[in-house]
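So the chains spell out like this:
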Amino acid sequence: KLPWPLESVVRADARLQLLEGRLSEALTADKRNVILPFFVVWRVEDPLAWLRATQGNLDGFRANLDGVVTSARNAALGRYDFARLVSVRPGEVRLAELEAEIAAAVAGPLRTTFGVCVEWVG
């Protein structure tokens, strides 16, 4: 390590972290408004890429993550009817498929842009 003005230490927490998304309305395929909360479990996989993309600003990254996942949620939700989200018949509910679709949509871009691995979207 070089002396202070030349080099500094920025710590990247590699533990699992949770982001609970803000509530917002979205439209289903049959044009019904729903408020569907979400959460994302993520961790820093590539500290150098994360530092370059965020400059160590965790709050700014959380805002970016919230926007990316909200956008993916709205796009995926637009392909499902309301009856696939809420039903009295358990076989008709497709929430697990919706979660997997959102996770697949955000995992690649977040890994390449921010060096972050998405472990779970719910």
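Model, not experiment: these values are computed from the prediction. (Residues numbered from 1 in each chain as written. Predicted model: local features only at pLDDT ≥ 70, side-chain atom pairs only at ≥ 80, totals over all residues. Heavy atoms only, no water.)

*Asks:* Please clarify how helix α2 (residues 58–77) should be interpreted in this entry.
*Replies:* The α-helix advances 3.6 residues per turn, and as a result positions three or four apart in sequence lie on the same side. Over its 20 residues, α2 runs 28 Å from end to end, which matches the ideal 28 Å to within 8%, given 1.5 Å per residue. Its side-chain oxygen placed 3.3 Å from the backbone nitrogen of Asp59, Asn57 serves as the N-cap of α2. (Helix = DSSP H or I, 4+ residues; strand = E, 2+ residues; numbered from the N terminus. Expected span 1.5 Å × (residues − 1). Polar contact = N/O pair within 3.5 Å; in protein donor to acceptor, adjacent residues only side chain to side chain.)

*Asks:* Would you explain the packing of aromatic side chains in this entry?
*Replies:* Two aromatic rings, taken as a pair, are described by how far apart their centres are and by the angle between their planes. Considering all chains together, one arrives at three aromatic pairs under this definition. Measuring from centroid to centroid gives 4.8 Å for Trp42 and Phe61, while their planes differ by 65°, and the two rings are edge-to-face. Placement of the pair is Trp42 in strand β4 (residues 39–44) and Phe61 in helix α2, with a sequence separation of 19 residues. Overall, the relative accessible area of 0% leaves Trp42 in the buried class. For Phe61, a relative accessible area of 1% corresponds to the buried category. Taken together, Trp42, Phe61 and Phe114 form an aromatic cluster joined through their ring pairs. The ring centre of Phe82 lies 4.7 Å from the NZ or CZ of Arg32, which sits over that ring. (Phe/Tyr/Trp six-rings, centres within 6.5 Å; stacked < 30°, edge-to-face > 60°. Buried < 20%, exposed > 50% of the residue type's maximum accessible area, 1.4 Å probe, protein only. Lys NZ or Arg CZ within 6 Å of the ring centre and 35° of its normal.)

*Asks:* Looking at this structure, I do not really get the pattern of salt bridges. What am I missing?
*Replies:* Side-chain pairing between opposite charges can occur once the charged atoms of the two side chains come close. In total, this model carries eight salt bridges according to the counting rule given. Among the salt bridges present, the one from Glu101 reaches Arg79, with a minimum N-O distance of 2.3 Å. Highlighted residues: Glu101 in helix α3 (residues 95–114) and Arg79 in the loop between α2 and α3, separated in sequence by 22 residues. A residue is classified by how much of its surface remains accessible, and Arg79, at 55% relative accessible area, is exposed. Among the charged side chains, a network of salt bridges with common partners joins Arg43, Glu45, Arg111 and Glu119. (Salt bridge = Lys/Arg side-chain N within 4 Å of Asp/Glu carboxyl O.)

*Asks:* Looking at this structure, I do not really get the sheet that holds strand β5 (residues 116–121). What am I missing?
*Replies:* Strand pairs in the sheet, formed through backbone hydrogen bonds, run parallel or antiparallel to each other. Reading across the sheet, the three strands line up as β1-β4-β5 and stay open at both edges, with antiparallel pairing between neighbours. Because the sheet does not close on itself, it has two edges, and the strands there are β1 (17–20) and β5. For this sheet, the mean inter-axis angle between neighbouring strands, taken without regard to orientation, is 30°. Sheet topology note: the β4/β5 ladder contains five bridges and is antiparallel. (Pairing = 2+ DSSP bridges. Axes fitted to C-alpha atoms, helices over the stretch in contact; angles between N-to-C directions.)

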